[in-house]
Amino acid sequence: MSELDFLSVEAARADGRFRPVARSPMDRRLREARAEFEERGGRLVATRIPGEEEHALAIRDVTHLLPPPEGTEPPETHAGFAALEISGPGAGTVVRRLTEMPLDDLPAAGAVAHIRSWILREGDETYRLLFEQEYGHYLWDVVVDAAEPLGGGPKGTP
Amino acid sequence: MRLGPRPGERIDRSDEVTFTFRGKPVKAFGGDTIGSALFASGQRIFSRSFKYHRPRGLLCCSGHCPNCMMTVDGEPNVRVCVEPVREGARVKPQNVRWWLNWDLMAVTDKIGGPFTPVGFYYRTMIRPRRAWPLFERFLRSAAGLGRVDKHAGRKRRFDTENRHVDVLVIGGGRSGVEAARQAQIRGEDVVLVDEGPEPVERLGFPVLWPARAIGIYEGNLVPVEAGSTLVRFRAKHIVVATGALEQPLLFPGNDLVGVMLPGGARRMIELWSLRPGRRAVVLAGDDRALALAGELEAAGTEVVRVVDLRREQLREIEAWGRYGRLESVSLDGETIACDLLLASGARQPAYSLLAQAGARVEYDAKRGIFVPADLPDGIEAVGAVTGRVGRVAVTPATFNGASRTDKCFACICEDVTDKDMKRAIAEGFDSLELAKRYTTVTMGPCQGKLCHLPSIRLYARETETDEATIGTTTARPPWAPVSLGLLAGRPHEPAKRTSMHDRHKDLGARMMWTGAWRRPHSYGDPEAEAKVVHDSLGLIDVSTLGKLLVRGPDAAAFLERLYPNRFADLKVDRIRYGVLGTDGGRVMDDGTIARLDEELFYVTTTSTGANTVIEWFDWWNAVWGFGVETTNVTGALAAVNLAGPNSRELLGRLTDLDVSNEALKYLDAKRAQVAGVPCLVLRIGFVGELGYELHFPSPHAEYLWDTLLGEGADLGIRPFGLEAQRILRLEKQHILVGQDTDSESNPLEAGMPWLVKWEKDDFVGKWALEHVRERGPREQLVGFELAEGLGSVPAEGGQIVVDGKPGGRVTSARWSPQLGRPIGLAWVPSRLAHEGAEITIKMNGGFEQGRVRLKPFFDPDGGQLRS
Ligand code: FES
């Protein structure tokens, strides 16, 4: 093993006996939403969530799509981050309900629902939040709750 | 009761809505407010007053006064005159003992007057002291505004939203709309907010309506109440167009049902096609009020007398009524029968928001109003709020009543009469700011909108000064009542969870807070968990440990200078325990430091210390100019500790690494795949048994946790929580920084003098520690044990008694199943800090004798750890 491999999810090795699998910190919440999972590159990814068609405003766990954009965080810390995507009509409102940061100059880092987070814009009504993975459950709950009255809900990554 | 269809009316007669009032159905039209529909149904009394329980009716019809507050669908203090009707809404009156037209408590009005002057309960109900709770209960139930349903929980959802705009216009009157239009033409991002009740003319820019700005705070922050959403605007530029508010006149009987502000009557006619009364008298302070006479006639109200207060000076006004409802008014002795009295003084600019923002407010003696001046940067005022209110009458402080049989209210919210105010002055409350606190004038739901100016005038006259001298009281947010739920918003309580959190829950763990983290206290039986660690094998989640990488050619020199112990000579792949000290030589944090490479160290900190330590490192790195880079990898890595005699066996099964005692010695650090997961394996023990700490990528945590428990099943593996860990570490006398030490503790006295390497040139806190060494230790942290079989344990923080006086304190104590007795750590005077010294501990309401132990209770020479 090389120097800092113990920080790297990719350094895990499956052999006959062991088959390491990486999970997102939002794994349990997705399971509670009865998500279907698929293993992609050693990570479990929620592909579909029952009822997701009803939500034009979608919340997705995109932790598996890391690493974060160049320069935002040092590479050794990548396993320490989780990511959420909010997309669809009302996505901006959801984000504005959770942060005081102005959204006209992204990416930017600041407090989202009291925790430090990066906000990235992926499209007109598509935002990503990048934050410390130990807050995974918390921010998932907060974002889903904020999106609910606007008709939002969780969605998988097909 | 409804007039025929009129152009411009807001009601939609084809849209019928039904709600209930006191359980009975009331018919309304779309566009009605609950208040207008109730008025249409014949209701005239809308509330009972705060203190005297006097009947009150619609006064302003614009959401400014306290008169129409009711409970709607369980929510108290809703101003029904501006609350839109909803199908099926349940409306109830409040602060009433029987029902509105017949309130038992109204007796306070009849007999209470002389006995209930302002502040009466400060004076009369203080004796006997014992009875105060009783008095208080009575007062609370007799006075007050509505009732909060304590068991309702979170019934209604409130959200908070942040918005950044170029221009925020507050107020949707003509001037506000014009300002917004101009901003839009300039291409600026503009939003207009207006609190109603009339809808705003829409001209293409975004409008929030009905929405009320509740204050202007630092940095041009304007929170706006928009239904259930609190919108927090940050605006580069704020335009205040809040207009001016009609002021009531002060005369006896001025609160009778049927006495209204002219604007209220106008809204009734224009918006809801209601006839406000049959016979009206109009006392007008400006042109607007004057013009109302015509509208009233058109609505079928007979206008029996119009007085232009700017021309005609009245000396005496008194309103008379029966059962709280207006029947006649006497003007300078002439009595006129009427059921509607529209009376207003000048319109006063609604400058509160401007004053909150820092504007000065000055008195314009010519017109008799207060106007804002010296607006702060970024704030602009337009329209009537600037003082452009036309030609107005300077109304006298109060009109004398001809015979004066009734009360004259200066403040209808809090039922403060002119007599109360005079009495306050007589008692020495000669400044209005003091009187405000004593009488509560201007502190009710109207927030001074209808009583500020009249009370300033009253004060000026009574103290024989003028309004400018009296001045205004400080304007504070909120500008209107706000429900606490709106300020609270959604419940957000961030909690850090380790990547194994759900596994702990699955195993039935009881979770507890440690700093921002949630951690397992135990999985049901902490003593059994501790025993398993001694007997076979335990597994604990230690992911909360702070974890840092320290890198660079100077890394060793850097750590050498930061810590009181040595790190320059630490060999690669070896670990050393370190205690971080402050400049004052105090214990700050502790942890292990592993050297992974010549220029790479891996530092762990306490669970709550990671951020402090990393800031500390960065600070000194900058001060000393070392080229060291620190990276916080706390969240990137999960960590578990395998502890117990069977731990080597289990680790050996899962890795190719040679785990023999010779190849992986105590305090060795190795990198290896464990069950396919890349791990940093640290052979350390916090709990006194053979142990290994595995640090690995967080996303693999559940997988590795499951694998360890599965593969170790036949070795008796069992997870253990913090409580078991606390017992085990006490058996080893390992201190917990922050539990056994405080901000004053130093390593010399905290039982770690061996750690300090005096021969080093310098380290942080050396000078201070030398001082401590010179003066000698005063108190020391030592282990202690109590008699075998003693069932109870001293409290943490419990007293050590020396010569009959408090002389020390217990910092940690547990019952040790291994030793069969209570053990702990305590600070004792130095003369008692020797092996076997007797100490007296205050506990169980008595005293117990304990014995000082300087060596670990369990495995004193560390053989277990090293084997
Ligand atoms: S009458 Fe409703 S607030 Fe004044």
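Before reading further, recall that the structure is shown in the block above.
Computed from a predicted model, the values in this text were never measured in an experiment. Within each chain, residues carry numbers counting from 1 in the order of the written sequence. Chains and ligands are labelled sequentially in the order written, the chains with letters from A and the ligands with numbers from 1. Local features are withheld for residues below a pLDDT of 70 in this predicted model, meaning they are given only at 70 or higher, and side-chain atom pairs are given and counted only at 80 or more; totals for whole chains, interfaces and linings count all residues. Only hydrogens and water are set aside when side-chain values are computed; all heavy atoms of the structure are taken into account.

A. Summary view of the overall build of chain B. Numbering goes from the N terminus for both helices and strands, where a helix is a DSSP run of H or I of at least four residues and a strand is a run of E of at least two. Across its full length, chain B carries 22 helices and 47 strands. For 867 residues, the compact-globule estimate of 2.2 N^0.38 gives 29 Å, and chain B exceeds it by more than 25% at 38 Å. Along the first, second and third principal axes, the C-alpha set of chain B runs to 110 × 65 × 55 Å. In chain B, which comprises 867 residues, the share counted as buried stands at 58%. Across chain B, every contact between residues at least 6 apart in sequence was considered, and the portion connecting residues at least 24 apart equals 64%. As defined in this context, the radius of gyration uses C-alpha atoms, and a globule is described by 2.2 Å times the residue total to the power 0.38. Only protein chains enter the area calculation, which uses a 1.4 Å probe; residues under 20% of their type maximum are buried, those over 50% are exposed, and those in between are partly exposed. Contacts between residues were defined by any pair of non-hydrogen atoms, one from each residue, lying within 4.5 Å.

B. Fine view of the sheet that holds strand β30 (residues 517–522) of chain B. Residues and elements named next belong to chain B. Read from one edge of the open sheet, three strands run β28-β30-β29, paired in mixed fashion. Among the strands making up the open sheet, the edge pair consists of β28 (496–497) and β29 (510–514). The pairing of β28 with β30 spans two bridges and is parallel. From the neighbouring strand, lysine 496 faces β30, where its bridge partner is tryptophan 517. Here, a strand pair is defined by DSSP locating no fewer than two bridges between the strands.

C. Spatial organisation of the pairing of strand β47 (residues 846–853) of chain B. Residues and elements named next belong to chain B. Bridge count between strand β42 (residues 779–786) and β47: four bridges; the pairing is antiparallel. The residue bridging glycine 783 from the neighbouring strand is arginine 853, located in β47. Bridge analysis of strand β46 (residues 838–843) against β47 gives six bridges, and the strand direction is antiparallel. Residue pairing for β47: lysine 842 is matched across the bridge by phenylalanine 847. Hairpin connection of β46 to β47: two residues between the antiparallel strands, including asparagine 844 at a positive phi of 55°.

D. Representation of the pattern of salt bridges. Residues and elements named next belong to chain B. What counts as a salt bridge is simple: a side-chain nitrogen of Lys or Arg found within 4 Å of a carboxyl oxygen of Asp or Glu. All chains considered together, the criterion is met by 84 salt bridges over all chains. With a shortest N-O distance of 3.8 Å, aspartate 286 and arginine 347 are connected by a salt bridge. With a gap of 61 residues between them, aspartate 286 in the loop between β16 (279–284) and α7 (287–298) and arginine 347 in strand β22 (residues 347–349) connect regions that are remote in the sequence. In this pair, the class of aspartate 286 matches that of arginine 347, namely buried. Of the charged contacts, one joins aspartate 742 and arginine 809 as a salt bridge, the two residues approaching to 3.5 Å between their closest N and O atoms. Linking aspartate 742 in the loop between α20 (722–731) and α21 (766–775) with arginine 809 in strand β44 (residues 805–816), this pair joins segments that are 67 residues apart in sequence. For aspartate 742, a relative accessible area of 35% translates into the label partly exposed.

E. Region of the structure containing helix α18 (residues 647–654) of chain B. Listed as buried for α18 of chain B are Ser647, Leu650, Leu651 and Leu654 of chain B. Across the axial projection of α18 of chain B, the buried residues extend over an arc of 95°, all falling on one side. The arc refers to the directions leading from the helix axis to the C-beta atoms.

F. Examining the sheet that holds strand β8 (residues 152–155) of chain A more closely. Residues and elements named next belong to chain A. Reading across the sheet, the six strands line up as β5-β6-β7-β4-β3-β8 and stay open at both edges, with mixed pairing between neighbours. Each having just a single partner strand, β5 (108–112) and β8 make up the two edges of the open sheet. Recorded for the sheet is a direction-independent mean angle of 30° between the axes of neighbouring strands. Sheet topology note: the strand β4 (residues 81–87)/strand β7 (residues 126–132) ladder contains seven bridges and is antiparallel. Directly across from glutamate 85, in β7, lies its bridge partner arginine 128. The axes used here are C-alpha line fits, helices contributing only the stretch in contact, and every angle between their N-to-C directions lies in the interval 0 to 180 degrees. Seen against the sheet, helix α3 (residues 136–147) touches β3 (57–61), β4, β5, β6 (115–123), β7 and β8 and runs at an angle of roughly 175° to β3.

G. Quick look at the interface of chain B and chain A. Taken residue by residue, the interface counts 56 residues in chain B and 46 residues in chain A. We define buried area as the total accessible area lost by two parts upon association, computed with a 1.4 Å probe and summed across both. Taken together, the two surfaces of chain B and chain A that pack against each other cover about 4300 Å², and 54% of this comes from carbon and sulfur. Among the residues of chain B in contact with chain A, His492, Arg497 and Pro699 of chain B are the three that bury the most area, contributing 14% of the side total. Applying the counting criterion to the chain B and chain A interface returns 11 salt bridges. Taking the shortest distance from any N to any O, the salt bridge between glutamate 100 of chain A and arginine 232 of chain B comes out at 3.2 Å.

H. Representation of a negative patch on the surface in the model. Any residue with relative accessible area above 30% and no salt bridge may belong to a patch, with like charges joined within 9 Å and the nonpolar Val, Leu, Ile, Met, Phe, Trp and Tyr side chains within 5 Å. Accessible surface area values rest on a Shrake-Rupley calculation with a 1.4 Å probe, where residue burial reflects the displayed protein chains alone. Counted as positive: Lys and Arg. Counted as negative: Asp and Glu, with His and the chain ends omitted from the count. Positions of charges follow a simple convention, taking NZ of Lys, CZ of Arg, CG of Asp or CD of Glu. Residues Asp12, Asp15, Glu16 and Glu87 of chain B make up a contiguous surface patch of negative charge. By the secondary structure assignment, aspartate 15 of chain B is in strand β1 (residues 12–21).

I. The arrangement of the packing of aromatic side chains in detail. Pairs were defined over the aromatic rings of Phe, Tyr and Trp, the Trp ring being its six-membered one, requiring ring centres within 6.5 Å. Orientation was assigned from the angle between planes: stacked under 30 degrees, edge-to-face over 60, tilted for the rest. One pass over the structure, following the stated rule, counts 11 aromatic pairs over all chains. Arranged with centres 5.0 Å apart and planes meeting at 65°, the rings of tyrosine 563 of chain B and phenylalanine 567 of chain B form a pair that is edge-to-face. Each of the two residues, tyrosine 563 of chain B as well as phenylalanine 567 of chain B, counts as buried. Connected via pairs of aromatic rings, a cluster forms that spans Phe558, Trp616, Phe617, Trp620, Trp624 and Phe626 of chain B. Charge over a ring is defined by NZ of Lys or CZ of Arg lying within 6 Å of the ring centre and within 35 degrees of the ring normal. We note arginine 31 of chain A situated over the ring of phenylalanine 37 of chain A; from NZ or CZ to the ring centre the distance is 4.2 Å.

J. Here's a closer look at the packing of helix α9 (residues 418–426) of chain B against helix α11 (residues 452–462) of chain B. Residues and elements named next belong to chain B. At a closest axis distance of 11 Å, the pairing of α9 and α11 adopts a crossing angle of 50°. By the angle between their directions, the pair α9 and α11 is classed as oblique. Pair α9 / α11 crosses with right-handed handedness. Contacts between α9 and α11 pair Asp418, Met421, Lys422, Ala424 and Ile425 from the former with Ser455, Leu458, Tyr459, Arg461 and Glu462 from the latter. Charged means Asp, Glu, Lys or Arg here, nonpolar means Ala, Val, Leu, Ile, Met, Phe, Trp, Tyr, Cys or Pro, and polar covers whatever is left, Gly included. Broken down by class, the residue content of the contact of α9 with α11 amounts to five nonpolar, one polar and four charged. When describing relative orientation, an angle under 35 degrees is termed roughly parallel and one over 145 degrees roughly antiparallel, while 65 to 115 degrees is termed roughly perpendicular and anything else oblique. In this scheme the handedness of a crossing depends on how the near helix is turned from the far one: anticlockwise by less than a right angle means left-handed, clockwise means right-handed.

K. Summary view of the environment of arginine 360 of chain B. Residues and elements named next belong to chain B. Checked against the element boundaries, arginine 360 lands in strand β23 (residues 360–364). For the pair arginine 360 and alanine 373, spaced 13 residues apart in sequence, the C-alpha separation works out to 5.1 Å. Not counting chain neighbours up to four residues away, the residues in contact with arginine 360 comprise Val371, Pro372, Ala373 and Asp374. A distance of 3.2 Å separates polar atoms of two side chains, one belonging to arginine 360 and the other to glutamate 362. The definition of a polar contact used here is a pair of N or O atoms within 3.5 Å, where within protein one atom must be able to donate a hydrogen and the other to accept one, and adjacent residues in sequence count solely through side-chain atom pairs.

L. Highlighting the packing of helix α16 (residues 555–562) of chain B against helix α17 (residues 610–624) of chain B. Residue and element names in this part refer to chain B. Two elements in contact, α16 and α17, have axes separated by 11 Å at closest approach and are oriented at 110°. By the angle class used here, α16 and α17 are roughly perpendicular. Residues Phe558, Leu559, Arg561 and Leu562 of α16 form the contact with α17, whose participating residues are Trp616, Phe617, Trp620, Asn621 and Trp624. Here the residues of the contact of α16 with α17 are counted per class, giving seven nonpolar, one polar and one charged.

M. Geometry of empty space enclosed by the protein. Residue and element names in this part refer to chain B. Within this scheme a cavity is a closed region of a 1 Å grid, computed over the protein atoms alone, that accommodates a 1.4 Å probe without allowing it to escape, whereas a pocket is open but has protein on both sides within 12 Å along at least five of seven lines; lining residues each have an atom within 4 Å of a point. Grid points are joined across faces, edges and corners, and a volume is the space filled by probe spheres set on the points. For the structure on display, the rule yields eight cavities of 30 Å³ or more. The computed volume of the largest cavity comes to approximately 180 Å³. If you trace the largest cavity, you find 21 residues lining it, with Leu59, Pro248, Asn254, Asp255 and Ile412 closest to the centre. The element contributing the most residues to the lining of the largest cavity is strand β26 (residues 409–411), with three residues. Here the residues of the lining of the largest cavity sort into 17 nonpolar, three polar and one charged.

N. Just unusual backbone geometry, in detail. Here the bond from leucine 106 of chain A into proline 107 of chain A is cis, since omega is 0°, no more than 30 degrees from zero. Its location among the elements puts proline 107 of chain A in the loop between α2 (91–96) and β5. Cis geometry marks the peptide bond from tryptophan 209 of chain B to proline 210 of chain B, where omega comes out at -10°. By secondary structure assignment, the location of proline 210 of chain B is in the loop between β10 (207–208) and β11 (212–213). One non-glycine residue, histidine 114 of chain A, lies in positive phi territory at about 75°. Inspection of the secondary structure assignment puts histidine 114 of chain A in the loop between β5 and β6. Histidine 114 of chain A sits in the exposed class, given a relative accessible area of 59%. The phi angle at aspartate 803 of chain B is positive, at roughly 50°, despite the residue not being glycine. The topology assignment puts aspartate 803 of chain B in the loop between β43 (799–802) and β44.

Geometric values such as these leave the question of function open.
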